[in-house]
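# A closer look at the structure
If you want the building blocks of each chain, they are given just below.
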Amino acid sequence: MKRWIFGFAVLAFVVCMAAALPLVAEAKDYNFKISHIRPADTAIDLDVKWLNEQLVKASNGRIKLSIFPAGQLGDYTVVQERVGVGAIDMAVQPMGAASDKRMLVSSFPYLADSWASARKIYVTGSPLMTEVGNLLEKQNIKLVAVWPVYFGGVALKKMPSAPMDPNVAQNVKVRVPPIKSYQVMAEAFGYQATPLPFSETFTAVQTGIVNGAIGAGAEGYYANFRDVIKYYLPINTHFEQWYLVMNLDLWKSLSKADQDIISKASSDFEKRRWQAAEKDQAYNEKRLQEYGIEIIRPTINQISAFTKKARSTVWPQIKGDVGAEYFDNLMKAMNIKQ
């Protein structure tokens with residue numbers, strides 16, 4: 001009798017385990033909705049398509065992306081909020097500071113002033129990007145990777161008095177984004193700053209309300225202002241970086257194996273862009289030049305002069321917006337002199 005009961009119990013256990021095994025082994029399929037802000041077939045769009053290919057390959061087709069380019073899912077600030085609440089799964093874009101002003105620190109002028117310094121400051125795992133990740137987590141957003149874009153410069157319709165001297169009045173009125181750091185920087189470099197939304201800038205330059213613009217790089221100026229500007233100064237005003245992000249709750253719901261697949265593909269996505277970003281910037285500067293826009297290039301010493309002026313004059317005026325002690329500690333962690 002005992003043997004019969006034991007045999008039945010063993011059989012029941014085997015049957016239950018066999019029934020449970022498919023449930024344990026079965027991995028879920030995912031089709032993540034991802035947004036970015038550029039048109040189809042631009043550099044970021046092609047890179048997101050490449051990322052999708054890597055995810056599909058590494059997951060045997062289980063993980064894939066539905067890509068929505070050109071801000072189809074909303075302005076980047078709206079998308080940021082929607083990623084936080086889980087209405088959109090992923091995005092590659094700038095991150096706004098409406099929810100936390102400390103996010104502004106990543107766009108401070110002249111944190112980096114060369115590609116060599118940018119590769120140390122804006123790479124995943126650096127003190128700055130680790131801090132950005134911590135700030136985004138408070139918004140229920142997971143920072144997965146960084147996508148470096150370009151260094152910014154000054155686009156002009158009118159030649160300034162001394163384009164490579166930050167200590168001279170330039171006698172040119174320029175558009176700046178409605179962000180304090182850009183306004184203070186433009187004024188420190190001798191320009192008359194006029195805060196304007198990006199959408200109003202073309203008309204403002206065209207009609208002479210302003211005679212130039214600060215806040216973008218060669219790619220943006222070529223795409224939007226090549227018909228109204230005559231000069232471009234690639235003086236590395238700021239470093240533009242976008243973030244590959246995911247809803248944090250969604251990230252936490254994934255298996256460790258799937259997190260590893262996404263992390264590996266995203267790391268390769270970032271490394272791939274770092275290899276191409278500087279060349280991409282040079283390509284867009286060449287496009288400006290071929291269109292008839294004069295490129296006035298600074299020397300290394302002139303870039304150093306802009307850096308020194310920004311850090312000594314601009315930073316003291318704006319670091320209080322993110323918290324002076326917070327900023328000072330972060331700069332110390334990055335070994336950046338003020």
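All figures in this text were calculated on a predicted structure; none of them were measured in a lab.

## Describing the overall build of the protein chain
Helix and strand counts for the protein chain come out as 12 helices and 11 strands. Across its three principal directions, the C-alpha atoms of the protein chain cover 105 × 45 × 30 Å. A sequence separation of at least 24 residues applies to 73% of the contacts in the protein chain between residues at least 6 apart. Taken as a whole, the protein chain presents about 16300 Å² of accessible surface, with 55% of it coming from carbon and sulfur. Separation between the mean location of the 39 positive side-chain charges and that of the 32 negative ones in the protein chain comes to 3 Å.

## Quick word on empty space enclosed by the protein
Applying the stated rule across the entire model yields one cavity of 30 Å³ or more. Forming the walls of the largest cavity are 13 residues, and the residues nearest its centre are Val149, Tyr150, Glu219, Arg273 and Asp280. Listing elements by their share of the lining of the largest cavity, those giving two or more residues are α2 (43-58), β4 (141-151), α8 (218-225) and α10 (256-290). Residue contributions to the lining of the largest cavity peak at four residues, all from α10. Counted by class, the lining of the largest cavity contains seven nonpolar, two polar and four charged residues.

## Details of the packing of aromatic side chains
The tally for this structure, following the rule as stated, stands at 16 aromatic pairs. Plain terms: the ring middles of tyrosine 222 and tyrosine 291 are 6.2 Å apart, the flat faces sit at 85° to each other, and that makes the pair edge-to-face. Separated by 69 residues along the polypeptide, tyrosine 222 in helix α8 and tyrosine 291 in the loop between α10 and β11 (294-295) bring together distant segments of the chain. Tyrosine 222 sits in the buried class, given a relative accessible area of 15%. Taking the relative accessible area as the measure of exposure, tyrosine 291 reaches 41% and is therefore partly exposed. Among the aromatic residues, those joined into a ring-pair cluster are Trp115, Tyr122, Phe151, Phe239 and Trp274. One Lys or Arg, arginine 226, reaches over the ring of tyrosine 222 and ends 4.5 Å from the middle of that ring.

## Side note on the environment of glutamine 302
Here glutamine 302 shows up in helix α11 (residues 300-318). Sequence separation between glutamine 302 and isoleucine 235 is 67 residues; the distance between their C-alpha atoms is 8.4 Å. Here glutamine 302 is in contact with Met164 and Arg297, once residues within four sequence places are set aside.

## Topic: the pairing of β4
With respect to burial, β4 is a largely interior element, 10 of its 11 residues being buried. Two elements, β4 and strand β10 (residues 239-247), share nine bridges in a ladder whose sense is antiparallel. Within β10, the residue paired with valine 146 across the bridge is tyrosine 243.

## Quick look at the confidence of the model for the protein chain
Averaged over all residues, the pLDDT of the protein chain is 93; the fraction at 70 or higher stands at 93%. Low pLDDT (under 50) marks residues 1-12, which in the prediction has zero contacts with non-local residues, meaning those over four places away or in another chain. Segment residues 14-25 is flagged for pLDDT under 50; beyond a separation of four residues in sequence, or across chains, it makes zero contacts in the model.

## Describing the layout of surface pockets
Roughly 330 Å³ of volume is contained in the second largest pocket. Elements with a minimum of two residues in the lining of the second largest pocket: α10 and α11. Here the lining of the second largest pocket takes four residues from α10, the largest share from any one element. Of the residues belonging to the lining of the second largest pocket, the class tally is seven nonpolar, five polar and four charged.

## A look at the packing of α2 against α10
For the pair α2 and α10, the least separation of the axes is 10 Å and the interaxial angle reads 150°. Relative to α10, the element α2 lies roughly antiparallel. At the point where α2 passes α10, the crossing takes the right-handed sense. Taking contact as the criterion, the partners of Ala43, Ile44, Asp47, Val48, Trp50, Leu51, Gln54, Leu55 and Ala58 in α2 are, on α10, Ile261, Ile262, Ala265, Ser266, Asp268, Phe269, Arg272, Arg273 and Asp280. For the contact of α2 with α10, the per-class residue count stands at 11 nonpolar, two polar and five charged.

Thresholds applied
Residues numbered from 1 in each chain as written. Predicted model: local features only at pLDDT ≥ 70, side-chain atom pairs only at ≥ 80, totals over all residues. Heavy atoms only, no water. Helix = DSSP H or I, 4+ residues; strand = E, 2+ residues; numbered from the N terminus. Contact = heavy atoms within 4.5 Å. Areas by Shrake-Rupley, 256 points an atom, 1.4 Å probe, with all protein chains shown as cover. Lys, Arg positive; Asp, Glu negative; His and termini not counted. Charge placed at Lys NZ, Arg CZ, Asp CG, Glu CD. 1 Å grid on protein atoms, 1.4 Å probe; cavity = no way out; pocket = protein on both sides within 12 Å on 5 of 7 lines; lining within 4 Å. Points joined across faces, edges and corners; volume = space filled by probe spheres on them. Nonpolar A, V, L, I, M, F, W, Y, C, P; charged D, E, K, R; others polar. Phe/Tyr/Trp six-rings, centres within 6.5 Å; stacked < 30°, edge-to-face > 60°. Buried < 20%, exposed > 50% of the residue type's maximum accessible area, 1.4 Å probe, protein only. Lys NZ or Arg CZ within 6 Å of the ring centre and 35° of its normal. Pairing = 2+ DSSP bridges. pLDDT = per-residue confidence, 0-100. Axes fitted to C-alpha atoms, helices over the stretch in contact; angles between N-to-C directions. Parallel < 35°, antiparallel > 145°, perpendicular 65-115°, else oblique. Left-handed = near helix turned anticlockwise from the far one by under 90°.

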